[in-house]
Amino acid sequence: MRRSGTLARQVLLVRVGRRDAELHGAIDVLPEPRYQDRPRRRYGLRRFHRTGMETIAPVAPLVGPVTVDPPPVAPTAAASTATPAPLLPGERTPARRMKFALVNACTLASLLLGINAIFVAMQGEVRLAAFLLIACVAFDGLDGALARKLGVSSPFGAQMDSLADMCSFGLAAPVVVYASLAGSAPTAAAAVAAALVAACAAIRLARFNVSPNDGRFFSGVPTTMAAAVLALMVVIGMPVPGAVQIAGVALLAFTMVSSFPYAKLARLVKLPPWVWLAPVVGALIDVRLTFGLIVVGYLISGPVLWLRQRRTVV
C-alpha cells in the first residue's frame with residue numbers, strides 16, 4: 001500500500017505481531033510508529049481527533065449450553081397401585097348384584113336380537129328381522145327403566161347400552177332396510193341410504209355420551225326411535241315407490257344428528273287421553289296412512305319447537 005494513501009487505508013494498517021509475540025499469545029494491534037503522526041500532519045490535529053476508530057477484537061466461537069437429561073423418576077406408589085373403577089358403584093350386596101345382572105341381561109338381549117336380525121335379513125326373512133328389531137327396541141327401553149327403578153345405574157351400564165345400541169340400531173337396522181329395499185330401488189341408492197343410517201347413528205350415540213342430559217327433550221331423533229320407525233315401515237309395508245322410501249330413510253338419518261328438540265316418550269305418554277284417540281281410530285281405518293302421518297308429524301315437531309324456543313329467547 002502506498003504511503004500517500006487515504007486515511008482509511010492508513011488507519012487499517014496494523015502491525016503484524018512478531019513471531020515471538022504470537023508464540024506467547026500476544027497480538028500487537030498498534031500502528032507502526034512511523035505512521036502515527038502522518039494523519040496529524042496531513043489532516044490536522046482537530047480533524048484527526050474527531051475521527052473515531054473502532055478496535056475489533058477476535059471473538060471466540062460460542063459454545064451452546066450443555067443440557068443434561070434429568071434422571072428417570074421412579075413410578076410412585078399411587079400410580080403403580082391404580083385400580084379399575086368398579087362395575088357396580090355403591091354397596092355390593094347379593095340383591096344389588098342380582099338387579100345389576102338383570103339390567104345387563106336386558107342389554108345383552110337387545111344386542112343378541114340385533115345380531116340375529118342381521119342373520120335373518122341375510123336369509124331373506126325381512127319381516128322377521130323387522131320384528132326382531134322391534135324386540136330390540138323393547139329391551140333397550142326396558143334396561144334403562146329397570147336400572148333407574150332398581151337403583152343400579154352405573155357408567156358400565158351406560159357404555160354397555162351404547163355399544164348394544166350401535167349393534168342393534170346402527171348396524172342391524174341399516175341391514176334390514178337394505179334388504180327391504182332390494183328389488184324396489186337401485187342397489188347403489190339403497191346401499192348409500194343404509195350406510196347413511198349407520199354413520200348418523202354412530203355420530204348420534206357418540207354425541208349423546210359426551211353431552212349433558214336434558215330431561216325434557218332429545219337433541220335430534222334418538223336411534224331407538226329411528227330404528228322403531230324403520231322396522232315398523234318394513235312390517236307394515238308402506239305402499240310408496242322405492243325412491244320415496246330412500247328419501248324418507250335419508251331424512252330420518254339426518255334428523256338423528258340434527259339439533260332440533262324432540263319430545264321424549266315420557267312426555268308423550270302424559271298427554272291427555274283424548275289426544276291418543278285420533279291415532280287409535282285412524283289405525284283402525286288405515287294403519288299405513290296413520291303411521292305415516294304420525295311419523296311426519298313427529299319429525300316436523302322438532303323444527304317447530306326449535307323456532308318456538310328461538311322466539312322465546314329473542
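Chemist: Got a sec to walk through the overall build of the chain? Specific residues and values, please.
Modeler: Tallying secondary structure elements over the chain gives 14 helices and two strands in all. Here the chain holds 314 residues, and the buried ones make up 30% of them. The long-range share in the chain, meaning contacts at least 24 apart out of those at least 6 apart in sequence, stands at 76%. Accessible surface, the chain: about 21,100 Å² in total, of which carbon and sulfur atoms supply 68%.

Chemist: An account of the environment of Leu196 is requested, with residue identities and associated values reported.
Modeler: Here Leu196 lies in helix 9 (residues 187–210). Classification of Leu196 by relative accessible area gives partly exposed; the value is 22%. Not counting residues within four places of it along the chain, the set of residues in contact with Leu196 comprises Ala250, Ala253 and Phe254.

Chemist: Got a sec to walk through the packing of helix 10 (residues 223–236) against helix 14 (residues 287–313)? Specific residues and values, please.
Modeler: Interhelical geometry of helix 10 versus helix 14 gives an angle of 160° and a closest axis separation of 11 Å. In terms of axis orientation, helix 10 runs roughly antiparallel to helix 14. Between helix 10 and helix 14 the crossing geometry is left-handed. Here Met225, Val229, Leu232, Met233 and Ile236 of helix 10 lie close against helix 14, whose contacting residues are Val287, Arg288, Phe291, Val295 and Tyr298.

Chemist: Can you break down the nonpolar core residue by residue, with the values?
Modeler: Counting 45 residues, the largest nonpolar core has Leu133, Val176, Val221, Leu230, Val249, Met256 and Phe291 as the members making the most contacts within it. Broken down by element, this core gets its largest block of residues, nine residues, from helix 10. Leave out the neighbours within four places in its chain, and Met256 touches Val197, Cys200, Ala201, Arg204, Arg207, Ser219, Gly220, Val221, Thr223 and Ala226. If you look at the next biggest cluster of nonpolar residues, it comprises seven residues, including Val103, Cys106, Leu146 and Val152.

Chemist: Give a description of the packing of helix 8 (residues 155–181) against helix 10 that names residues and reports values.
Modeler: Between helix 8 and helix 10, the shortest axis-to-axis distance is 10 Å and the interhelical angle comes to 20°. On the basis of the axis angle, helix 8 is roughly parallel to helix 10. For the crossing formed where helix 8 meets helix 10, the hand is left-handed. Between helix 8, through Phe169, Ala173, Val176, Val177 and Ser180, and helix 10, the contact on the second element is made entirely by Thr223, Thr224, Ala227, Leu230 and Val234.

Chemist: Any chance you could break down the state of the cysteines for me, citing the residues and the numbers?
Modeler: Under the criterion given, the structure shown has zero disulfides. Here Cys136 is not cross-linked by a disulfide; its sulfur's nearest cysteine counterpart is in Cys167, at 8.0 Å.

Chemist: A description of the packing of aromatic side chains should follow, citing residues and the corresponding values.
Modeler: Per the stated rule, a full pass over the model turns up three aromatic pairs. The interplanar angle of 40° and the centroid separation of 6.1 Å between the aromatic rings of Phe100 and Phe156 together place this pair among those described as tilted. Highlighted residues: Phe100 in helix 6 (residues 94–122) and Phe156 in helix 8, separated in sequence by 56 residues. For Phe156, a relative accessible area of 33% gives the class partly exposed. Aromatic pair Phe260 and Trp306: ring centres 5.8 Å apart, planes at 65°, arrangement edge-to-face. Taken together, the residues span a long stretch of sequence, with Phe260 in the loop between helix 11 (242–256) and strand 2 (261–263) and Trp306 in helix 14 at a distance of 46 residues. Owing to a relative accessible area of 27%, Phe260 belongs among the partly exposed residues under this scheme.

Chemist: For a nonpolar patch on the surface, give the residues involved together with the corresponding values.
Modeler: A contiguous nonpolar patch, built from Leu277, Val280, Val281, Leu284 and Ile285 and spanning about 550 Å² of accessible area, is present on the exposed surface. Looking at where Ile285 falls in the secondary structure, it is placed in helix 13 (residues 273–285). Owing to a relative accessible area of 70%, Ile285 belongs among the exposed residues under this scheme.

Chemist: Can you explain the environment of Ala172? Please cite residues and give values.
Modeler: Structurally, the position occupied by Ala172 is in helix 8. Linking Ala172 and Ala227, residues 55 residues apart in sequence, is a C-alpha distance of 9.0 Å. Beyond its immediate stretch of four places on either side in the chain, Ala172 contacts Gly114, Ala117, Ile118, Leu133 and Cys167.

Chemist: Let's hear about the confidence of the model for the chain: which residues, and what values?
Modeler: Per-residue confidence for the chain gives a mean pLDDT of 77, with 71% of residues at or over 70. For residues 39–69, every residue scores under 50 in pLDDT, and the model assigns this stretch 14 contacts once sequence neighbours within four places are set aside.

Criteria and cut-off values
Residues numbered from 1 in each chain as written. Predicted model: local features only at pLDDT ≥ 70, side-chain atom pairs only at ≥ 80, totals over all residues. Heavy atoms only, no water. Helix = DSSP H or I, 4+ residues; strand = E, 2+ residues; numbered from the N terminus. Buried < 20%, exposed > 50% of the residue type's maximum accessible area, 1.4 Å probe, protein only. Contact = heavy atoms within 4.5 Å. Areas by Shrake-Rupley, 256 points an atom, 1.4 Å probe, with all protein chains shown as cover. Axes fitted to C-alpha atoms, helices over the stretch in contact; angles between N-to-C directions. Parallel < 35°, antiparallel > 145°, perpendicular 65-115°, else oblique. Left-handed = near helix turned anticlockwise from the far one by under 90°. Core = buried A, V, L, I, M, F, W, Y, C linked by side-chain atoms within 4.5 Å. Disulfide = S-S within 2.5 Å. Phe/Tyr/Trp six-rings, centres within 6.5 Å; stacked < 30°, edge-to-face > 60°. Patch = residues over 30% accessible without salt bridge, like charges linked within 9 Å, V, L, I, M, F, W, Y side chains within 5 Å. Salt bridge = Lys/Arg side-chain N within 4 Å of Asp/Glu carboxyl O. pLDDT = per-residue confidence, 0-100.

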